[in-house]
Amino acid sequence: MQHHEEPYERSETESERLDRNWGEILQELRVTQTGTQILTGFLLTLAFQPRFAELDAFQVGVYLTLLSAAVVTTTLALAPVSMHRALFRQRAKHQIVRTSNAVLKITLVMVALILTGTMLLIFDVVLGHTQGIIAAAVTLILTAVAWLVLPLATRPDRD
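Cut-offs and rules
- Residues numbered from 1 in each chain as written.
- Predicted model: local features only at pLDDT ≥ 70, side-chain atom pairs only at ≥ 80, totals over all residues.
- Heavy atoms only, no water.
- Core = buried A, V, L, I, M, F, W, Y, C linked by side-chain atoms within 4.5 Å.
- Buried < 20%, exposed > 50% of the residue type's maximum accessible area, 1.4 Å probe, protein only.
- Helix = DSSP H or I, 4+ residues; strand = E, 2+ residues; numbered from the N terminus.
- Contact = heavy atoms within 4.5 Å.
- Expected span 1.5 Å × (residues − 1).
- Axes fitted to C-alpha atoms, helices over the stretch in contact; angles between N-to-C directions.
- Parallel < 35°, antiparallel > 145°, perpendicular 65-115°, else oblique.
- Left-handed = near helix turned anticlockwise from the far one by under 90°.
- Nonpolar A, V, L, I, M, F, W, Y, C, P; charged D, E, K, R; others polar.
- Phe/Tyr/Trp six-rings, centres within 6.5 Å; stacked < 30°, edge-to-face > 60°.
- Lys NZ or Arg CZ within 6 Å of the ring centre and 35° of its normal.

A. Representation of the nonpolar core. Of all hydrophobic cores here, the largest spans 13 residues; its most connected members are L43, V62, Y63, L66, I114 and L121. No other element matches helix α2 (residues 57-87), which puts 6 residues into this core. Not counting residues within four places of it along the chain, the set of residues in contact with Y63 comprises L43, L44, L46, A47, F52 and L121. Core analysis: the next-biggest nonpolar cluster, separate from the first, contains 9 residues, L18, W22, L29 and M83 among them.

Below, the structure written as structure tokens:
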């Protein structure tokens, strides 16, 4: 016997819904910002390590691409907060929530690419090109499963 719950309806005004959505986006941004800032900090320090001079041209290219992507991603993760400050009390909550949602999605894609690239770089330096590519592929697949497939599989049934 299957149990079907009635869809949960909130009794809230449009303004309350926007406030709730903005609060949820802020919580997600807090997690994302911390992760992107840690990754960016890690990548920034690599160039100052003694072993950095031993990297081949491919590894340096991967590193510079990752560093650039990390800086862009950190900037994106902070953009909704800056936008909220710039538009505070201008009755722009709907636009802020809509735009922040889009920016957060792009930020997550960028984080997935940075995680993948970081695994490529580290495994490439420690074990070699083939192992780096394998580690990157596994990371990308796991991220796609966790961030795309799992949410799709978890969606409530729409009867």
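B. Here's a closer look at helix α1 (residues 14-46). An ideal rise of 1.5 Å per residue puts 48 Å on 33 residues; α1 measures up with 47 Å between its terminal C-alpha atoms. Buried within α1 are the following residues: L18, N21, W22, I25, L29, T32, Q33, T36, L39, T40 and L43. The elements touched by buried residues of α1 are α2 and α3 (93-126).

C. Broad picture of the packing of α3 against helix α4 (residues 129-154). Two elements in contact, α3 and α4, have axes separated by 7 Å at closest approach and are oriented at 155°. When the interaxial angle is binned, α3 and α4 end up roughly antiparallel. Between α3 and α4 lies a crossing of right-handed hand. From α3, L108, V111, A112, L115, T116, M119, L120, F123 and D124 reach across to α4, where they touch H129, Q131, G132, I133, A135, A136, T139, L140, T143 and W147. Among the residues forming the contact of α3 with α4, the class breakdown is 12 nonpolar, 6 polar and 1 charged.

D. Structural context of the packing of aromatic side chains. Counted according to the given criterion, the structure contains 1 aromatic pair. Between F52 and Y63 the ring centres are 5.0 Å apart and the planes differ by 70°, which places this aromatic pair in the edge-to-face class. Placement of F52 in the loop between α1 and α2 and of Y63 in helix α2 is noted, with a sequence separation of 11 residues between them. Judged by its relative accessible area of 2%, Y63 falls in the buried class. Here the guanidinium or amino end of R85 rests over the ring plane of F88, the centre of that ring lying 4.4 Å away.

None of this, on its own, says anything about what the molecule does.
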